[in-house]
Amino acid sequence: MSDANETSQAPKKPAGRRKFELDPALAAYKGVWVFIEHERGKVHTVSWELLGEGRKLADKLGVELAGVVLGTPGDMSRSFCAEAFRHGADLCYLMEDELLKDYRNEPFTKGLTDLVNRYQPEILLLGATTQGRDLAGSVATTLQTGLTADCTELAIDPENRSLAATRPTFGGSLLCTIVTLNYRPQMATVRPRVMAMPERDESRSGRIVEHPLGIVEASIITKVLEFIPDNLQDKPQLAFADIIVAGGRGLKKPENFHLIWELAKVLGAEVGATRPLVQDGWVEADRQVGQSGKTVRPKLYIAAGISGAVQHRVGMEASDVIIAINSDPNAPIFDFATYGIVGNAMTILPALTEAFRQHLATAKLAG
Amino acid sequence: MHIVVCIKQVPDSAQIRVHPVTNTIMRQGVPAIVNPYDLYSLEEALRLKDKYGGRVTVLSMGPPQAEAALRKAISFGADDAILVTDRVFAGSDTLATSYALASAIRQIQKDMPVDMVFAGKQTIDGDTAQVGPGIAKRLDMQLLTYVSSIPALDMENREITVERRAEGGVQVLRTKLPCLVTVLEGNNEMRFATMANMFRAARYPLKVWDKDGAGIEDITKTGLKGSPTIVSKVFAPTAKTVKAEIIDTESNQPKDLAVTLLAKMFTQHPQLQREIGKSAN
Ligand SMILES: Cc1cc2nc3c(=O)[nH]c(=O)nc-3n(C[C@H](O)[C@H](O)[C@H](O)COP(=O)(O)OP(=O)(O)OC[C@H]3O[C@@H](n4cnc5c(N)ncnc54)[C@H](O)[C@@H]3O)c2cc1C
């Protein structure tokens, strides 16, 4: 299949570092932008994570970092800008219009495209969410520029100042670095929790550049009839959990999975799992950690009976401390865990649960 | 009603192996399948056809072997299949791909107007989720991504109502045809191929279009030339240099191992003391 059409960002033959002169018209594109995504009055945290990453890129390039807020006129949109400054933005482009109340592809594509054409950023970052991906694909096509999806690392190529965007490919077995040649802006999306949350700095502020949307409701074909919010109580919240206890196929039988729940209960942790367990129906899909599941970055991740396949690893390796329990001393998970116990998960897990319980009891006594 | 469903043949990523020394993909013997996300879209399109009548045309851009994916779709109940294949498309990124597919859809429209285009939410090999939005933009169609259900379709007024997965909830949207829909996984399951359709698939005279057949106007917008992004480097994830500290005790009894681990961890990472049991009950 090597001479086949590749219709995606799966690697073609690496083209190597191509020398090229950036078009003078494109060299005028300056600055790093982050699209500030919000829904129902709340900014998606991926936007702050992107500002953290965007700050580093902007500093390396010696340019400004901007947040882009499209929303309704009033306090809320302005508070989003203020919050963007606290997370590292130097300025915000603000487009206020009643039509921007709910996310819709048409007005948001028009708004963001207009801003890009008017103020010409060299890099534009969006979250790889249902909103960010919907918008990014439309905007990139309208602008006829390159877009790299689901990046795990963003860097500046020192030779030509272009964005080098790294992403997993072929089901995560390999990584590839993608560059956008003679096109601007260079666009990329990043999944939530892949990048670290930047420190919030209360003292930071910045300037706001306003720009009108300039369309009327009658010209927008798609209408929002209703928004049915998720019942968050019913859903596991792995992405922001501080502690996660996760199980894999090494637990052997669904009956053994309660050992994970018991440890999690003592620790006040969330429960995660590998894909095979989700596919076999041991736990719900929202608990899957990894490339085709959730990306998590807890302070402590306990992995029991998990081999550490790369597709699982990419979803959890940003955890501060990883404890791995595996009967195979050569399991790949020991290559990147912090601590390892070589042994049978079915006996280690209860022992660990008991040890934590005692530790907590002693800590409480000590006050 | 006429629906065009865009599908892609992909290598079954579950079976892809990386050569341990050269870090290259070992494609040999890896079976090609229909991108699983495309099947949710195809099934949804077939359900609309069952309910409202009309035709479903499947469209794929790819190498000649992608014919197999299209025949598979016919066996599930699609009416027509078109393969767009030409060497000029080699190396296309998502922008160039949406250009070629949009152009082919315009050709299809010359024979029979297209009311809706369905595309997979994303592919399992590229994962970009960009081709659908790109086609919609190029054909000036309304874009409906991550659709979980289609509660209403009014062909008379050419209006469609869909439920779309948004962050933190579900948006109920109403729009006008023509539109492009990408379907969220897990809300339907591909039907079984009937015997009759399997026979039909085997005999079906597939339409094969080269760049002229697909009505490509500007060849510089296709293939490597028409792709703003290039892959500059492919590499294996680096192994961390520091391996796990393996907890060892004389007895190697679970209890001793657990206690030793905790003591070590809380000494080296005292901040974890505060996290443990924080929200336990
Ligand atoms: C496109 C694609 C996407 C994927 N996405 C994901 C994803 O998002 N998340 C994910 O997790 N996977 C994903 N996978 C699957 C992934 O490749 C692995 O197959 C999976 O992570 C393995 O799960 P596991 O560790 O539970 O099972 P295994 O790999 O079977 O590992 C079981 C481990 O348990 C150990 N063990 C056995 N007995 C015991 C015992 N008694 N006590 C302790 N240890 C024991 C074994 O030594 C082994 O290391 C994906 C794969 C593909 C192709």
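Remember, it's a predicted structure, so these values are computed and weren't measured experimentally. (Residues numbered from 1 in each chain as written. Chains lettered and ligands numbered in written order. Predicted model: local features only at pLDDT ≥ 70, side-chain atom pairs only at ≥ 80, totals over all residues. Heavy atoms only, no water.)

1. Quick notes on the site of the ligand
Part 1: Around the ligand, 29 residues are found, and the nearest of them are Arg249, Lys252, Thr274, Ser292 and Gln311 of chain A.
Part 2: Near the ligand, residues from chains A and B are present, making the site a shared one.
Part 3: Contact distances for the ligand include 3.1 Å between an oxygen atom and a backbone N or O atom of Gln291 of chain A.
Part 4: Between the ligand and Gly305 of chain A there is a distance of 3.2 Å, counted from an oxygen atom to a backbone nitrogen or oxygen.
Part 5: Isolated, the ligand exposes 990 Å² of accessible area, and the fraction of that covered by the protein chains is 83%.
Part 6: Looking at the shell around the ligand, the elements that each hand over two or more residues are helix H7 (275-279), helix H8 (310-316) and helix H9 (345-366) of chain A.
Part 7: Among the residues forming the shell around the ligand, the class breakdown is 7 nonpolar, 18 polar and 4 charged. (Near = heavy atom within 4 Å. Polar contact = N/O pair within 3.5 Å; in protein donor to acceptor, adjacent residues only side chain to side chain. Areas by Shrake-Rupley, 256 points an atom, 1.4 Å probe, with all protein chains shown as cover. Helix = DSSP H or I, 4+ residues; strand = E, 2+ residues; numbered from the N terminus. Nonpolar A, V, L, I, M, F, W, Y, C, P; charged D, E, K, R; others polar.)

2. Let's talk about the environment of Lys110 of chain B
Residue and element names in this part refer to chain B.
Part 1: The residue Lys110 is located in helix H3 (residues 94-111) in this model.
Part 2: According to the relative accessible area criterion, Lys110 is exposed, its value standing at 64%.
Part 3: In the structure, Lys110 is positioned 112 residues away from Thr222 in sequence and 22 Å away in space, judged by C-alpha atoms. (Buried < 20%, exposed > 50% of the residue type's maximum accessible area, 1.4 Å probe, protein only.)

3. Details of the side chain of Thr353 of chain A
All names here are of chain A.
Part 1: Residue position: Thr353 is located in helix H9.
Part 2: Thr353 gets classed as buried once you look at its relative accessible area, which sits at 6%.
Part 3: Residues contacting Thr353, with those up to four places away along its chain left out, are Glu262, Leu263 and Val266. (Contact = heavy atoms within 4.5 Å.)

4. What to know about the interface of chain A and chain B
Part 1: With 96 residues of chain A in contact, the opposing surface of chain B contributes 99 residues.
Part 2: Here chain A packs against chain B, burying approximately 8,600 Å² in sum over the two surfaces, 59% of which is carbon and sulfur.
Part 3: Across the contact surface, chain A and chain B share 4 salt bridges.
Part 4: Ionic pairing is found between Asp230 of chain A and Arg165 of chain B, a salt bridge with its closest N-O pair at 2.8 Å.
Part 5: Inspection of the chain A/chain B interface yields 31 residue pairs in polar contact (both at pLDDT 80 or more).
Part 6: No other element matches the 9 residues that helix H5 (residues 130-143) of chain A contributes to the side of chain A that touches chain B. (Buried area = accessible area lost by both parts, 1.4 Å probe. Salt bridge = Lys/Arg side-chain N within 4 Å of Asp/Glu carboxyl O.)

5. Observations concerning the domain arrangement of chain A
All names here are of chain A.
Part 1: Taken domain by domain, chain A consists of domain 1 (24-219) and domain 2 (238-366).
Part 2: Centre-to-centre separation of domain 1 and domain 2, based on C-alpha positions: 34 Å.
Part 3: The interface is formed by 11 residues belonging to domain 1 together with 10 residues belonging to domain 2.
Part 4: Of the roughly 920 Å² buried where domain 1 meets domain 2, counting both sides, 45% is carbon and sulfur surface.
Part 5: In terms of surface lost to domain 2, no three residues of domain 1 exceed Gly171, Arg191 and Arg193, which account for 61% of the buried area on that side.
Part 6: One can count 0 salt bridges joining domain 1 with domain 2. (Domains from an automatic or database assignment.)

6. A closer look at the nonpolar core
Part 1: Residues Ile302 and Phe356 of chain A are the most contacted members of the largest nonpolar core, which totals 41 residues.
Part 2: For this core, the element with the most residues is H9 of chain A, which contributes 7 residues.
Part 3: Contacts of Phe356 of chain A, omitting those with residues within four sequence positions, involve Leu263, Val266, Leu267 and Ile302 of chain A together with Leu262, Met265, Phe266 and Ile276 of chain B.
Part 4: In terms of nonpolar packing, the next biggest core, distinct from the first, is built from 37 residues, Ile3, Leu48, Val58 and Ala78 of chain B among them. (Core = buried A, V, L, I, M, F, W, Y, C linked by side-chain atoms within 4.5 Å.)

7. Regarding the confidence of the model for chain A
Part 1: Mean pLDDT for chain A: 91, with 94% of residues reaching 70 or above.
Part 2: In this model residues 1-17 of chain A is a low-confidence stretch, pLDDT under 50, and it forms 65 contacts with partners more than four residues away in sequence or in other chains. (pLDDT = per-residue confidence, 0-100.)

8. What about the pattern of salt bridges?
Part 1: All told, the structure shown has 40 salt bridges over all chains when counted by the stated rule.
Part 2: Asp335 of chain A is paired through a salt bridge with Lys243 of chain B; the nearest N and O atoms lie 3.2 Å apart. Here Lys243 of chain B lies in the loop between strand E14 (229-235) and strand E15 (245-246) and Asp335 of chain A lies in the loop between strand E17 (321-326) and strand E18 (339-342), a pairing that spans two chains.
Part 3: Given a relative accessible area of 54%, Lys243 of chain B falls into the exposed group.
Part 4: Note that Asp115 of chain B is salt-bridged to Arg158 of chain B, the shortest N-O span being 3.0 Å. Here Asp115 of chain B, found in the loop between H3 and strand E8 (116-120), pairs with Arg158 of chain B, found in the loop between strand E9 (142-154) and strand E10 (159-166); they are 43 residues apart in sequence, far enough to count as distant.
Part 5: You can call Arg158 of chain B partly exposed: its relative accessible area is 31%.

9. Thoughts on empty space enclosed by the protein
Residue and element names in this part refer to chain B.
Part 1: In total, this model carries 4 cavities of 30 Å³ or more according to the counting rule given.
Part 2: Here the largest cavity defines a volume of roughly 250 Å³.
Part 3: Looking at the largest cavity, it is lined by 21 residues, and the ones nearest its centre are Lys8, Asp38, Leu101, Thr123 and Val131.
Part 4: Where the lining of the largest cavity is concerned, the elements lending two or more residues are strand E6 (55-61), H3, E8 and helix H4 (131-139).
Part 5: It is H4 that provides the largest number of residues to the lining of the largest cavity, a total of 3 residues.
Part 6: Its residues assigned to classes, the lining of the largest cavity comprises 8 nonpolar, 10 polar and 3 charged. (1 Å grid on protein atoms, 1.4 Å probe; cavity = no way out; pocket = protein on both sides within 12 Å on 5 of 7 lines; lining within 4 Å. Points joined across faces, edges and corners; volume = space filled by probe spheres on them.)

10. Here's the deal with the packing of aromatic side chains
Part 1: On inspection of all chains with the given rule, the structure shows 6 aromatic pairs over all chains.
Part 2: Ring geometry for Tyr103 of chain A against Phe108 of chain A: centres 5.0 Å apart, planes inclined by 55°, an arrangement best described as tilted.
Part 3: Overall, Tyr103 of chain A belongs to the buried group, its relative accessible area being 3%.
Part 4: Considering the side-chain rings of Phe356 of chain A and Phe266 of chain B, the 6.3 Å spacing of their centres and the 85° angle between planes classify their relative orientation as edge-to-face. Of this pair, Phe356 of chain A sits in helix H9 while Phe266 of chain B sits in helix H6 (residues 254-268), each in a different chain.
Part 5: By relative accessible area, which is 7% here, Phe266 of chain B ends up buried.
Part 6: Through successive ring pairs, a cluster of aromatic residues spans Trp33, Tyr93 and Tyr119 of chain A.
Part 7: Positioned above the aromatic ring of Phe235 of chain B is the side chain of Lys233 of chain B, whose terminal nitrogen or guanidinium carbon lies 4.7 Å from the ring centre. (Phe/Tyr/Trp six-rings, centres within 6.5 Å; stacked < 30°, edge-to-face > 60°. Lys NZ or Arg CZ within 6 Å of the ring centre and 35° of its normal.)

11. Observations regarding the sheet that holds strand E9 (residues 163-169) of chain A
Picture the strands of a sheet paired through backbone hydrogen bonds; they go either parallel or antiparallel.
Part 1: Strand order across the open sheet formed by 4 strands is E8(A)-E9(A)-E10(A)-E14(B), with antiparallel pairing between neighbours. A single partner strand is all that each edge strand has here, and the edge strands are strand E8 (153-156) of chain A together with E14 of chain B. The average undirected angle you get between the axes of adjacent strands in this sheet is 30°.
Part 2: Strands in contact with helix H2 (residues 45-61) of chain A are E8 and E9 of chain A; relative to E8 of chain A, the strand with the most contacts, it is inclined by about 10°. (Pairing = 2+ DSSP bridges. Axes fitted to C-alpha atoms, helices over the stretch in contact; angles between N-to-C directions.)

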